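Okay, here's what each chain looks like letter by letter:
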Amino acid sequence: MLSSVTDLLRYIDENQLTSEFGGTLDYCHSDWIVLRTAIESFAVTVKDIAQMLQGFGTELAETELCDEGKTIEYLLESHTDKYRKLKDAIRSVSKEGRHLLASLETSGKEDDSQWDVRLDWETVQRLLAQLRDMESAFDGFFEKHHLKLHQYLQLLRYEQSFQEMELCLGHLVAQERELSTSVDTLAQTEQALKRLDSLESSAQEVMSRAQIIILHGHQLSAGHHYAAALIMQRCNELRHHCDTLNAALKTKHTVLLLTHQLLLCVGQAQSWCDDGAYLLANQLVDKYQSKEGAQAALRDIDRFLELAPSLLSSGPDVLAIEYEAVITPQLQAQIGKTFEKHAAVQQMIQSRQACLTKLADKHVRPVQLVTPRAENPPRSKSPLFSPKHGDGLKFTFDLSLPGKRTSRKSPNSRKIEVIHDYQESRSCVSYGLDGEDSPDVLKRHVMRELIETERIYVEELLSVLLGYRAEMDSPTLSGVLPAILRSKRNILFGNTPEIYNFHSRVFLQDLEECLEAPENVGACFLKRKASFQMYECYCQNKPRSDALWKQFSDCSFFQECQKKLEHKLGLDSYLLKPVQRLTKYQLLLKELLKYSTDCEGSSELQQALTAMLDLLKSVNDSMHQIAITGYEGDICELGRVLMQGSFSVWIGHKKGPTRMKELARFKPMQRHLFLYERALLFCKRREEHGGGGDKTPSYSFKHCLKMTAVGITENVRGDVKKFEIWYSGREEVYVVQAPTVEVKMAWLRELRRILTNQQKLLRDEANQHGQMVGHVQLPPPLSESKQQRASVSSEETESGKSSPDPQTHSPKHLHNRKSWPGAHSSVDVCGGLEEWSGGLDAFRPSDTEGGALVQLSPGTYMALADCLQNGPDSIAIKCGDVLQLHFEDNKGRWLVKNLSGQQEGFIAVSSLQLVLGDSSRGNTSRLGVNPKARKLSSP
């Protein structure tokens, strides 16, 4: 207990006490209270600001957007005003906080007598930081909200502009449809042209505003508008409406101009006829009774005839062709009357000319004939009419009509020149023909034809999509459209939209870029080669589409659509356009290739032509494939169809019992074979009679051979068109006869390719695993064993060439032979059906069987079949010729001398094996070595 202030100073330093307690500390309690009150007030203000910002943010988030632009503008203004007020409040509070912070910093820097203000300074600093964070978050939120409102207002205004423009364009389209092009008189045509010109000027003004709207839409889309997709859709719709209207106006303008020209010509012709009748009526009889009067009258008539309109010299048939698009029955009647009038006036003129000529020649003295001078020899008789040219040649004179494109002539076609009286005229004609034969000019003609027909093709596809497919959704035609047809539109039209998108957006632009450089068109086709596969899908769907069309072709919906489109042909004709276009490409490519020999890009053109021909073949094969019936399973699992065709087939079992039904079959079975990547299908062709007498082929499934167990023998004795397909180690053997040798070789090449690829895959697997897989036994090198044979009886297999081994002829060896998936190790050659075993014993190979990869060696042989000359360095061989083989070059060809015909040349190994047949198997088959061991037979 202290009794005085002096005692207090003993314990507490005077610097820590105020003056009331005898200390020296400078402290004012009222100042502290004021400062503390200011801090508390600042904290409350910051809290209020936070609540205000939270409330305003909730209000912005819950704002409902309406479809009225004025309401959105009011929202923008009110929200912006509130935002500015809140920003002012935040700035005021921030200023107050910074002032308070400055006061605290000033107090903290004074003498030690001041109290510790560090805690208060940290509090104010924290409140200021919180206020800054709230302001930053609020600014970002309001900026996004303001941008959204602004873009929404832009969208509303753009949508309003679009709707107004769409109404204007619709009004113009209605006016354009009301404007008829069926006019009969010149006055009607001129009035229609005036109306059309007025309509075109209005349309140009409206379309200019539409272009501004489209440009504004692109600007909005480029500005990252949140509804960019919708805006671009509106732009495309406006552009489509403008293009449609512009095309319709141009078409009507062309028709009216053509009609005006026709009516003008008809009017001129009628006026000329009237003038002719007036001329004849005004020729006074007393004036042309004399010679001079008659000659003057004739001169007047000749001058009048020179002024005859060109229409009268063309004839009604030429007019009908030239003005086919605009001629109506009324115009046709006017033209007929005009030509009838012309015929009458012409007859009157001819009668008058005959009369005047008699009067003019009445007093004419006879003129003595004078022999022509020597320097002007008489023209010889035209060779076209000389007797030596009367041997059955037919000369056709092609008259080119105005406005019609003349057909291109073949370079080897016969040219007929008409010799005119004037040398300069004939030279002009010859020069024009020479210029037309220039390859560069012809290439440009073909290129222009390709691009022009491509544009027409795209327009026809678009007319089908818009005029038929899109109209299925039109409410105006829903009453005449069967419901089942609406659900099957994808069957009726197939993938036409996909084809249209490819050609209109991609391929047409590619072709137009090649207009001045036709040599690049081959690369253009190769670049889009994969895209053309969509035609295969279209063609596969075509039979279903045709069946659906036959069912509903009389539907009123199609008739209404055709009437609106003004199409002369029905929908089925336009659905055939993609198939026709696909065949047109290869014809045009052939034309370009014919005029591009040894030019830049010719190799690409050849590759493009090959690709299009392969595509046509693939499409044709797939069309046959979809007609297969009776196959159990998914045919897609067999892979892609590679080849298909009809063959004569004999079947037999070379192992085990042979069925008597098969043994008794002397005539071959007619089978249609389908070669897939993984299987070979045997089918029977049937003709199904459809509606209208049409025959639709179908293929009844009979048998399936997996390619993993198939082997082939290329040569069958007795017929160069036969080859052998055997299955499961020759348990089943099929002797197949192709219609031609070329077809046989094509199938053998494809079969060899499949089996060789399988062999390569097996070798790769063995190399990867380091061991054999299952029962697979790969052929060892030739030096290790000659008993291992390839499954492909050809010189092109991987196992190399080998001579026949007697061990392979034993039945035990045949029974114990291993096989690898896709090719068994047998290389037996069927010697004919007469050598098949008819009993229950196992099949015993004939003495003509041997290795498929026969070793050809130099020597003398006899030809068992004919071989045509193939190339300048080749020779022709006939059956029975004696041949001498010299050596084999690095291209797989043998130098052969035909001792019978004393000719020498190179022949491919494959052709040589077909020619030599059995005589190429083994050394004992050569001429002069044990003839009894040789078996020669004619094919």
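Scroll up a little and you will see the structure.
Computed from a predicted structure; not experimentally measured.

J.: Hey, could you run me through the pattern of salt bridges in this one?
T.: Side chains bearing opposite charge may pair, as long as their charged atoms lie close to each other. Following the criterion strictly, the structure yields 28 salt bridges and no others. Across the pair Arg-303 and Asp-300 runs a salt bridge, and its minimum N-O distance is 2.2 Å. Placement of both Arg-303 and Asp-300 in helix H7 (residues 291–306) is noted, with a separation of three residues, approximately one turn of the helix. Of the residues examined, Arg-303 reaches a relative accessible area of 46% and is grouped as partly exposed. Judged by relative accessible area, Asp-300 falls into the partly exposed class, the value being 30%. As a salt-bridge pair, Lys-564 and Glu-471 come within 3.6 Å of each other at their nearest N and O atoms. One end of the pair, Lys-564, is in helix H18 (residues 556–565); the other, Glu-471, is in the loop between helix H12 (439–469) and helix H13 (483–487), and 93 residues separate them in sequence. Lys-564 sits in the exposed class, given a relative accessible area of 53%. Given a relative accessible area of 17%, Glu-471 falls into the buried group.

J.: Hey, could you run me through a nonpolar patch on the surface in this one?
T.: Where nonpolar side chains cluster on the molecular surface, the patch consists of Leu-2, Tyr-11 and Ile-12 and spans about 320 Å² of accessible area. Inspection of the secondary structure assignment puts Ile-12 in the loop between helix H1 (5–11) and helix H2 (29–61). On the accessibility criterion, Ile-12 (33% relative accessible area) is partly exposed.

J.: Whenever I open this one, the pairing of strand E12 (residues 882–888) confuses me. Can you help?
T.: For a regular strand, side-chain orientation follows a simple rule: the groups alternate between the two sheet faces. Judged from the four bridges that link them, strand E11 (residues 859–862) and E12 form a sheet pairing that is antiparallel. Looking at E12, one finds that Gly-859 is bridged to Leu-885. In this antiparallel pair of consecutive strands, E12 and strand E13 (residues 893–898), the connection spans four residues, and Gly-892 shows a positive phi of 75°.

J.: Any chance you could explain the packing of helix H5 (residues 186–222) against helix H6 (residues 228–282) here in plain terms?
T.: Each packed pair of helices is defined by two parameters, the angle between the axes and the distance between the axes. Taken N-terminus to C-terminus, the directions of H5 and H6 make an angle of 160°; their axes are 9 Å apart at the nearest point. What the angle tells us is that H5 and H6 run roughly antiparallel. Crossing hand, H5 versus H6: left-handed. Grouping the amino acids of the contact of H5 with H6 by side-chain chemistry returns 23 nonpolar, nine polar and five charged.

Calculation criteria
- Residues numbered from 1 in each chain as written.
- Predicted model: local features only at pLDDT ≥ 70, side-chain atom pairs only at ≥ 80, totals over all residues.
- Heavy atoms only, no water.
- Salt bridge = Lys/Arg side-chain N within 4 Å of Asp/Glu carboxyl O.
- Helix = DSSP H or I, 4+ residues; strand = E, 2+ residues; numbered from the N terminus.
- Buried < 20%, exposed > 50% of the residue type's maximum accessible area, 1.4 Å probe, protein only.
- Patch = residues over 30% accessible without salt bridge, like charges linked within 9 Å, V, L, I, M, F, W, Y side chains within 5 Å.
- Areas by Shrake-Rupley, 256 points an atom, 1.4 Å probe, with all protein chains shown as cover.
- Pairing = 2+ DSSP bridges.
- Axes fitted to C-alpha atoms, helices over the stretch in contact; angles between N-to-C directions.
- Parallel < 35°, antiparallel > 145°, perpendicular 65-115°, else oblique.
- Left-handed = near helix turned anticlockwise from the far one by under 90°.
- Nonpolar A, V, L, I, M, F, W, Y, C, P; charged D, E, K, R; others polar.

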